[in-house]
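# Understanding the architecture of this molecule
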Amino acid sequence: MLEGFSKEASTFAADVDRAFWITTGISAGMLLLVVGLMLFFIYRYHHSRVVPGEIRNIKDHLPLEIAWTVIPTILLFVIFYYGYSAFRELRTMPEDAFNVDVLGKRWSWTFTYPNGKITSELYVPEGENIRLHLHAPLGDVLHSFFVPAFRVKEDVVPGRETRIWFKATVPGRYDIECAEYCGTGHSRMLSKVEVMKNVDFEAWYASKKLSPHDEGAPESEGKQLYKTLGCASCHSLDGSIIVGPSFKGLYGSKVRVLTSGKPREVVADDDYIRASVRTPEKDVVEGFPAGIMPNLSDEIDAEKMKAIITFIKQQGGQGAGTKTIETPVAGPNQEGKTEAEPKSEAQTKSSASTETPDGATLFKTKGCTACHSLDGTRKIGPSLKGIFGSTQKVVTDGKTREVTADEAYLKRSIEQPNADVVEGFPSSVMPPFGTMLKPDEVKALVTYLKGIK
Ligand code: CUA
C-alpha cells in the first residue's frame, strides 16, 4: 500500500510541510472571512431589516484602501518566504554527497551505485546527503521520480540529466512512485527506498548481495536480472498478464507468434528466448502489441542470457524438467525451428533487396496496429479509416491548423510524428519512424494507407 504523506523521513519534510500548512491556513482563513462576511451582509442588509436612508455609500476611504492593499501583500510575502526558502533548500545540491544513478524507463526503476552495484530498490544510509542523477533512455517518455515521505519529486527526461538530493532521517522503507503518466504500466512503476543504519548500509554495500534482505544464498543471477533489467514490469511470474506474456510455465510450451505478420507456432526453447531478447520485434506473441519490448542486446551478454534462460526454466513449463541447457527439449521442434528459420530469413532478405516491401505487412509488424485502427474506432492514436484526402485538424508548434492528409502529410506523420499532432491526441507517443524505416518502407506504408477507405 502507498503511504503517501503520512511519514516525514527527510530533512526537507518539515520545511515543505510548513510551507504547505501556512499556505493552506492563510487560504482557509481568507475563505472563512469572505464567506462569513457575505452571509452576515445577506442577513443584516435584507430589505426587511433596512430603514430607508440608513445606508450611505462610502467614497474615498483611504485607511480602508491601504488596509486591503497592505494586508494581502504581507500575507503573500509570508507565503512566498516559506515556499521559497523550502524550495531553495531542495534545489541547492550539496557538494559532498553519495551519488546514485537512477534509470527510469517504461516501467521500472534501476539504481546504479558508485561501486557498480545495481538494484531495483534504492538503498541509502541514514543521515547522509544522497544525490540522485536521473535518466531515461532516448526514445522513452517522461517519468517523474517521487518519494512522498521525503517530499522530493523530479521529472525524468529522456536524453537529459535531472538531479535531486535528500538527507533521510528515519530508517525504514518508503514508496517510490512515478508521478508522470507514462502509459500502460504507469501505475505499476513503483519501487521502494530503504533508509538503513550506517553500519548496515556499509556491510551491504561491501557485500555481493543484491538486496540486504537476501538471507543465506544470494538471489540467482537470473532473478536479479529479471528485476534490474525491468522484465518484471511487463512479464509476470504468476500467469497474470501485465503488458507482455507471463513467464509462468513458458519454457518448452508452444507459442503462437507473428513473424513478419504471418502466424506460426514455435516452441519456447533456449533459442526462442534468446531471439525474443535480442530481436523482440521479429517474433511477436499473438495478441500482444509489437514494438513495446526494448531491444536488450547491449545489456545482456552470453553469461547473463544463460542466467535468464535458467530463471525462465525455473518458472515451470513442459520442458523445464530438462536440467541441461544443451539438451534439446524435443528433437522435432528443434528441427522444425531450423527449417523455419532460413525461410523467413530468406524472405526478409529478398524483400529488402529486390521487392518493394508490403505496406500491409509493415503496418502490422511495425506495431502501427497497437495505436491505429482501420475501422474508425479510436485507440491511442487516430483511426486511419479513410485518412487519405481527408481534412485533419492538427497542432503545429502549439497552434491549431487544418491540413489535407495528402502523401506529404502521411509521409511526415510517419517520419516525424510530432511535427503535426492531430488535435485531441497526445504528442510524443508515436516514435519517429524516420530513423527506423527505410525510405521505400515509408513509401509502401503511404501507398497502403492511401488504399484504406
Ligand atoms: Cu513512469 Cu509514469
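Note that the coordinates shown come from a computational prediction; the quantities given were computed from them, not determined experimentally.

### Digging into the sheet that holds strand S10 (residues 191-196)
Strand order in the open sheet formed by five strands is S4-S10-S9-S6-S7, with mixed pairing between adjacent strands. Each of the sheet's edge strands pairs with one partner strand only, and the pair in question is strand S4 (122-125) and strand S7 (152-156). The mean inter-strand angle of the sheet, taken between neighbouring strand axes irrespective of direction, is 20°. In this sheet, S7 lies alongside strand S6 (residues 143-147) in antiparallel orientation, the contact comprising five bridges.

### Looking at the sheet that holds strand S3 (residues 118-119)
Spatially, S3-S2-S1-S5-S8 is the arrangement adopted by the five strands of the open sheet, whose pairing is mixed. Every interior strand has two partners, whereas the edge strands, S3 and strand S8 (162-167), have only one. Sheet topology places strand S1 (residues 98-105) next to strand S5 (residues 129-135); six bridges connect them, and they run parallel. Its bridge partner lying in S5, leucine 103 is registered against histidine 135.

### Remarks on unusual backbone geometry
Residues apart from glycine generally show negative phi values, whereas peptide bonds are mostly found in trans. For the bond from arginine 106 to tryptophan 107, the omega torsion is -5°, close enough to zero to count as cis. Mapped onto the elements of the fold, tryptophan 107 is located in the loop between S1 and strand S2 (108-112). With a phi close to 50°, aspartate 60 is a non-glycine residue in the positive phi region. On the secondary structure map, aspartate 60 appears in the loop between helix H1 (11-44) and helix H2 (62-91).

### Overview of the packing of helix H5 (residues 270-278) against helix H6 (residues 302-314)
The contact between H5 and H6 brings their axes to 10 Å, and the two run at 120°. Between H5 and H6, the angle is such that the two are oblique. The interaxial crossing formed by H5 with H6 has right-handed handedness. Across the interface between the two elements, Asp270, Ile273, Arg274, Val277 and Arg278 from H5 touch Ala302, Met305, Ile309, Ile312 and Lys313 from H6. Split by residue class, the contact of H5 with H6 holds six nonpolar, no polar and four charged.

Conventions we followed
Residues numbered from 1 in each chain as written. Predicted model: local features only at pLDDT ≥ 70, side-chain atom pairs only at ≥ 80, totals over all residues. Heavy atoms only, no water. Pairing = 2+ DSSP bridges. Helix = DSSP H or I, 4+ residues; strand = E, 2+ residues; numbered from the N terminus. Axes fitted to C-alpha atoms, helices over the stretch in contact; angles between N-to-C directions. Parallel < 35°, antiparallel > 145°, perpendicular 65-115°, else oblique. Left-handed = near helix turned anticlockwise from the far one by under 90°. Contact = heavy atoms within 4.5 Å. Nonpolar A, V, L, I, M, F, W, Y, C, P; charged D, E, K, R; others polar.

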